[in-house]
Amino acid sequence: MSQRTRVAVVGLGIGIQHAAAWKQLGDLFDLVAVCDVDEKRAQLVAEKLGVARALTDYQALLTGPDAPDVLDICTPPHLHFEMSVAALRAGKHVICEKPLVPSLAICDELTRIEADAPGRLMPIFQYRFGKGLLKLRHLIAEGLVGRAYLSTIETAWLRGDDYYAVDWRGKWKSELGGVLTTHAIHAHDILCNVIGPVKSVFARVTTRVNAIETEDCAAVAVEMADGSLATLSATLGSRPEISRLRFCFEQLTAESSLAPYQPSFDPWTFTAGHEEQQARVDAALRDFDDAGGGYELYAGQFARFYAALESGDALPVTLADARASLELLTAIYHSAQTGEPVELPIGPDHPRFEGWLPA
Ligand SMILES: NC(=O)c1ccc[n+]([C@@H]2O[C@H](COP(=O)([O-])OP(=O)(O)OC[C@H]3O[C@@H](n4cnc5c(N)ncnc54)[C@H](O)[C@@H]3O)[C@@H](O)[C@H]2O)c1
């Protein structure tokens, strides 16, 4: 690609932040269109960001000389599969917000469709791209952490009536879940990104904060494939809001800040067990280069997306990563529904392979 890659964003809630990130990376990408069924919203965003086209029908974006190279899908979750397939079949690259799709079966179908299409699909997990978390990954790559012992993953956010006034939220059919599916999915992805696959879960969920169908509090005990343990706690009823990612390893403990929506950003603390090890850790941190041009969150993921399309290397977030997050959700919901621990991997013969939504 010698020219700027042409992008269109569909769905202009969080999609506005995506659009701003594409604009931030104006040397690499050309944001050629925005699309929302709410015509006024599309026009306002186009005007504000200086985007040439504002549309209401995403299908109209997929063909013709003005069609983008990439469709960035930021619509409610129940629309992700249909839009992703249409865009892949039209030869586009696809970027799609979380949760990618409603089941492991549908994720596998999407993976097959992508494999047969010329374009590539990148799920969104923008929280991976913060310098604090990337420093931990650097220390792991440098062999400075040792075996994992215990990870503590907290997502304590606040949502109320105004948030759930939006029609698709709070309902199994359209949101696909609650705090686990929509909010804590980021922190849980980071756990798998840092420690690796999950072996088993035992979960309890409840709905206590808001008058919604889906869960807004969850407590989960997790056994990781490497033998370490993790606890996940998630609520939408916390004042103040915090996120906290805490990883106890043999040779150091890593802890994020409490910034609820930037848990992967600096400052993190990295505390080693003794002075010489701390000196090695501090020296490695001085050498740290985030390799993402200094961009974090969406811009960090998109800049790496560009580099991966150029090089043909793996995308910064893969379909397999999104599948792992869906597998964890499937296991957690099944455990909460049955009251039993659930072992992973979850195969096609599992009762929840086709979806975790309650009957
Ligand atoms: N990665 C993150 O941090 C993050 C944050 C918020 C939301 N999200 C995800 O992004 C998605 C959207 O969430 P949101 O909070 O922005 O929702 P939202 O309701 O605020 O915005 C969605 C927008 O999509 C538009 N829309 C709906 N159907 C459409 C269609 N057929 N064609 C075009 N536009 C359509 C709506 O009019 C609305 O403007 C969800 O999957 C959500 O989980 C991710």
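For the structure, check the block above.
Residues numbered from 1 in each chain as written. Predicted model: local features only at pLDDT ≥ 70, side-chain atom pairs only at ≥ 80, totals over all residues. Heavy atoms only, no water.

Draft legend 1. Representation of the nonpolar core in the model. Within the largest apolar cluster, 118 residues are counted, with the highest numbers of intra-cluster contacts made by L71, L100, L136, V201, F247, F249 and F302. A total of nine residues in this core trace back to one element, the largest contributor, which is helix α11 (residues 297-311). For V201, the contacting residues outside a window of four places in its chain are V220, A221, V222, L328, A331, I332, S335, E340, P341, V342 and L344. (Core = buried A, V, L, I, M, F, W, Y, C linked by side-chain atoms within 4.5 Å. Buried < 20%, exposed > 50% of the residue type's maximum accessible area, 1.4 Å probe, protein only. Helix = DSSP H or I, 4+ residues; strand = E, 2+ residues; numbered from the N terminus. Contact = heavy atoms within 4.5 Å.)

Draft legend 2. Quick look at helix α12 (residues 319-338). Relative to the 28 Å expected for 20 residues at 1.5 Å per residue, α12 spans 28 Å between its end C-alpha atoms, a close match to the ideal helical length. In the segment just after α12, G339 is the residue with positive phi, at about 80°. (Expected span 1.5 Å × (residues − 1).)

Draft legend 3. Fine view of the pairing of strand β2 (residues 29-35). With six of seven residues buried, β2 is to be regarded as a mostly interior element. Where strand β1 (residues 5-10) meets β2, six bridges bridge the pair, whose relative direction is parallel. Across the sheet, the residue bridging to R6 is D30, located in β2. Taken together, β1, helix α1 (residues 15-24) and β2 form a β-α-β motif whose crossover is right-handed. Of the strand pairs in this sheet, β2 and strand β3 (residues 53-55) are connected by three bridges, and their pairing is parallel. Looking at β3, one finds that C35 is bridged to L55. Once you follow β2 into helix α2 (residues 39-49) and on to β3, the crossover reads as right-handed. (Pairing = 2+ DSSP bridges. Right-handed = clockwise from strand over helix to strand, strands pointing away.)

Draft legend 4. Representation of the pattern of salt bridges in the model. For the coordinates displayed, the defined rule picks out 13 salt bridges. K171 serves as the salt-bridge partner of D167, at 3.1 Å between the closest nitrogen and oxygen. A residue is classified by how much of its surface remains accessible, and D167, at 61% relative accessible area, is exposed. Note on K171: relative accessible area 32%, which makes it partly exposed. Across the pair E223 and K199 runs a salt bridge, and its minimum N-O distance is 3.6 Å. Within this pair, whereas E223 is found in strand β9 (residues 217-224), its partner K199 is found in strand β8 (residues 198-206), the two being separated by 24 residues in sequence. Taking relative accessible area as the criterion, K199 reaches 34% and is therefore assigned partly exposed. Salt bridges here are not isolated pairs; linked through shared partners, they connect E154, R244, R246 and E255. (Salt bridge = Lys/Arg side-chain N within 4 Å of Asp/Glu carboxyl O.)

Draft legend 5. Focus on the site of the ligand. Taken together, 26 residues lie around the ligand, and I14, D36, R41, W168 and R169 are the ones closest in. H186 places a side-chain nitrogen or oxygen 3.2 Å from an oxygen atom of the ligand. In the shell around the ligand, the residues fall into 15 nonpolar, six polar and five charged. (Near = heavy atom within 4 Å. Polar contact = N/O pair within 3.5 Å; in protein donor to acceptor, adjacent residues only side chain to side chain. Nonpolar A, V, L, I, M, F, W, Y, C, P; charged D, E, K, R; others polar.)

Draft legend 6. The packing of aromatic side chains, seen in detail. Evaluation of the coordinates by the stated rule reveals twelve aromatic pairs. Here the aromatic rings of F247 and F249 are separated by 6.3 Å at their centres, their planes lie at 25°, and the arrangement is stacked. Accessibility classification places F247 together with F249 in one group, the buried group. Ring pairs connect the aromatic residues W22, F29, Y298, F302, F305 and Y306, which therefore count as one cluster. Positioned above the aromatic ring of Y163, the side-chain terminus of R159 is 4.9 Å from the ring centre. (Phe/Tyr/Trp six-rings, centres within 6.5 Å; stacked < 30°, edge-to-face > 60°. Lys NZ or Arg CZ within 6 Å of the ring centre and 35° of its normal.)

Draft legend 7. Structural context of α11. Here α11 contains 15 residues, and its C-alpha end-to-end distance of 21 Å stays within 8% of the 21 Å for a straight helix at 1.5 Å per residue. Where burial is concerned, most of α11 is hidden: twelve out of the 15 residues are buried. Every buried residue belonging to α11 is among L297, Y298, A299, G300, Q301, F302, A303, R304, F305, Y306, A308 and L309, and all of these are buried.

Draft legend 8. Up close: the sheet that holds strand β11 (residues 237-249). Spatially, eight strands are ordered β13-β12-β11-β7-β10-β9-β8-β14 in an open sheet, and the strand pairing comes out mixed. The open sheet has two free edges, formed respectively by β13 (269-272) and β14 (342-343), since each of these has just one partner strand. Of the strand pairs in this sheet, strand β12 (residues 252-255) and β13 are connected by four bridges, and their pairing is antiparallel. Paired with L252 across the bridge in β13 is A272. Sheet strands touched by helix α5 (residues 131-141): β11, β12 and β13. Its angle to β13, the strand with the most contacts, is close to 30°. Contacting β8, β9, β10 (229-235) and β14, α12 crosses the sheet at an angle of about 55° to β8. (Axes fitted to C-alpha atoms, helices over the stretch in contact; angles between N-to-C directions.)

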